[in-house]
Amino acid sequence: MTLQEIAKHLKKLKSAAIFCHMRPDGDTLGAAMGLKFLLESCNIQSKVFCESEIPEKFLFLEGMDGITKEPDDTFEALIAVDSSDEFRLGALGDYFIRSKKPKFNIDHHISNSRFGDYCFVEERAATCEIMTELVAYFSVKLTPLGANYLLLGLSSDTGNFAHKNVTEKTFLAAAKLVSCGGDINLIQYNMFKKQSRARALLFGKTMSRIRYFEDNTIAFITVLRSDLQECGAGADVTEGFIDFPLSIDGVEVAVCLLETANERFKISLRSKGSADVNAVASVFGGGGHILASGCMLNGCLEEVIDKLRFTIKQHMVV
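Parameters at a glance
- Residue numbers here run from 1 along each chain, matching the order of that chain's written sequence.
- Only residues with pLDDT of at least 70 are given local features in this predicted model, and only at 80 or more are side-chain atom pairs given and counted; all residues enter the totals for whole chains, interfaces and linings.
- Side-chain calculation: all heavy atoms of the structure are included, whereas hydrogens and water are not.
- Labels follow the DSSP assignment, with helices taken as runs of H or I lasting at least four residues and strands as runs of E lasting at least two, numbered in each case from the N terminus.
- Only C-alpha atoms enter the radius of gyration, while the globule expectation follows 2.2 Å times N to the 0.38, with N the number of residues.
- Only protein chains enter the accessibility calculation, which uses a 1.4 Å probe; a residue is then buried when its area is under 20% of its type maximum, exposed when over 50%, and partly exposed in between.
- The contact definition used throughout considers only heavy atoms, calling two residues in contact when any of these lie within 4.5 Å.
- Areas reported here follow the Shrake-Rupley algorithm with a probe of radius 1.4 Å; residue values treat only the protein chains shown as occluding.
- Two strands are counted as paired when DSSP detects at least two bridges linking them.
- Axes here mean lines fitted to C-alpha atoms, for a helix over just the part in contact, with angles spanning 0 to 180 degrees between N-to-C directions.
- Here is how to tell: hold the view so the strands point away, follow the path from the first strand over the helix to the second, and if it runs clockwise the crossover is right-handed.
- Put simply, buried Ala, Val, Leu, Ile, Met, Phe, Trp, Tyr and Cys residues joined by side-chain atoms within 4.5 Å make one nonpolar core.
- A pair is scored as a salt bridge if a Lys or Arg side-chain nitrogen falls within 4 Å of a carboxyl oxygen belonging to Asp or Glu.
- Should an angle lie under 35 degrees it is considered roughly parallel, over 145 roughly antiparallel, and from 65 to 115 roughly perpendicular; all remaining angles are considered oblique.
- Two helices cross in a left-handed way if the nearer one is turned anticlockwise from the farther one by less than a right angle. They cross in a right-handed way if the turn is clockwise.
- Polarity classes work like this: nonpolar for Ala, Val, Leu, Ile, Met, Phe, Trp, Tyr, Cys and Pro, charged for Asp, Glu, Lys and Arg, and polar for all others, with Gly in that last group.

1. Details of the overall build of the chain
- From N to C terminus, the chain includes twelve helices and eleven strands.
- What you see for the chain is a C-alpha radius of gyration of 19 Å, in line with the 20 Å of a compact globule of 318 residues.
- With respect to the three principal axes, the spread of C-alpha positions in the chain is 55 × 40 × 40 Å.
- Looking at the chain as a whole, 53% of its 318 residues are labelled buried.
- Excluding contacts between residues fewer than 6 apart, the proportion of contacts in the chain whose partners are at least 24 apart in sequence is 66%.
- For the chain, the exposed surface amounts to about 14300 Å²; the carbon and sulfur share of it is 51%.

What follows is the structure in structure tokens.
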């Protein structure tokens, strides 16, 4: 299905519930809020839902505090954004799949399972890049706030336009959003520079314990629940931590292990190109992109590290 066809079906709706993935990042939130702005500009009632609390750092944009956890049955259709499968929606995934209402799936992950009735999945730098193109099929002019929602996703999913996933289309989308009043300086400061003392303390603690394997080509960082408690930080402040070990000369793959429960870890994987980390994550039921993916793993810390080391090694290009 083309993006124009998606737009055609969306414009027929009277109302829609928009779903973000759990542990939301800037792309899922920006895409959801940008789509909400787009639909409501066409008099289509909409609301955004997420099973997780919205991290404080995203609240600098007006409207982010209006995202809620509990959907109701008053909406005509359901739309999932930036979610590779229904499980990424967390507790809302069951609600989404069980619903008999029309379901849309708009995403940029290569591993997307194509869940839903109307799917547009194309590997891009960010789902917000797709959303920016979607605007062209609506008779709507973006306001600065609408542009900032989409610019948030573009900036955050590309490491402020520094990752290898950035293309000409990414910059053209960003230029369009800036021309509509998007404030790249505001986004960049809040996403990449502004931080609390608790995050700074946790960052220093985490990076002091980087572990290297396979002739220093693989770097692991670990954030334990005890670290979060000691530093007075929430798990959401760890976003972006993985970029530091990947920046180290000689490191080809970086791994972040975030302890979410006893012997349960959220795994983030990044690659400079020597390994397909989407394939690595897929081994453990996760996925994402060739250069950036994630999964969940159970087990004691050293056991989890050994599993990941072995699997990454199997997918390294010699």
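2. A closer look at the sheet that holds strand S8 (residues 253–261)
- Spatial ordering of the open sheet is given by S6-S7-S8-S9-S11-S10, a layout of six strands whose pairing is mixed. Lying at the two open borders of the sheet, with one neighbouring strand each, are strand S6 (211–213) and strand S10 (287–288).
- Helix-sheet contacts for helix H12 (residues 301–314) involve S6, strand S7 (218–223), S8, strand S9 (264–271) and strand S11 (292–298), and the interaxial angle to S8 is about 150 degrees.

3. Focus: the pairing of strand S4 (residues 103–107)
- Along S4, five of the five residues are buried, which leaves the element largely enclosed by surrounding structure.
- The side-chain alternation of S4 yields two buried faces, one formed by Lys-103, Asn-105 and Asp-107 and the other by Phe-104 and Ile-106.
- In the sheet, strand S3 (residues 77–81) pairs with S4 via four bridges, with the strands oriented parallel. Looking at the pairing, Ile-79 lines up with Phe-104 of S4.
- A crossover links S3 with its parallel partner S4, the connecting element being helix H3 (residues 92–98), and its sense is right-handed.
- In terms of strand pairing, S4 meets strand S5 (residues 118–121) through four bridges, oriented parallel.

4. Regarding the nonpolar core
- In this structure, Leu-10, Leu-35, Leu-39, Ile-79, Leu-134 and Leu-154 are the most contacted members of the largest nonpolar core, which totals 52 residues.
- It is helix H2 (residues 26–40) that provides the largest number of residues to this core, a total of eight residues.
- Beyond its immediate sequence surroundings of up to four residues, Ile-79 is in contact with Leu-10, Ala-16, Ala-17, Ile-18, Phe-19, Leu-35, Leu-39, Phe-96, Phe-104 and Ile-106.
- Of all hydrophobic cores here, the second largest spans 20 residues; its members include Val-253, Phe-265, Ala-275 and Ala-281.

5. A short note on the pattern of salt bridges
- Scanning the entire structure with this criterion turns up 14 salt bridges.
- Put simply, Glu-53 and Lys-69 hold a salt bridge, and the shortest N to O gap is 2.8 Å. Note that Glu-53 is positioned in the loop between strand S2 (45–49) and S3 and Lys-69 in the loop between S2 and S3, a separation of 16 residues in sequence.
- The partner of Glu-239 in a salt bridge is Lys-57, and the shortest N-O contact between them spans 3.4 Å.

6. A look at the packing of helix H5 (residues 144–157) against helix H7 (residues 184–193)
- One way to put it is that H5 packs onto H7 with a least axis distance of 10 Å and a crossing angle of 50 degrees. Comparing their axes, H7 and H5 come out oblique. The crossing of H5 and H7 is right-handed. In this structure, H5 contributes Asn-148, Leu-151, Leu-152, Ser-155 and Ser-156 to the contact, and H7 contributes Ile-184, Leu-186, Ile-187, Met-191 and Phe-192.
- Residues of the contact of H5 with H7, tallied by class, amount to seven nonpolar, three polar and no charged.

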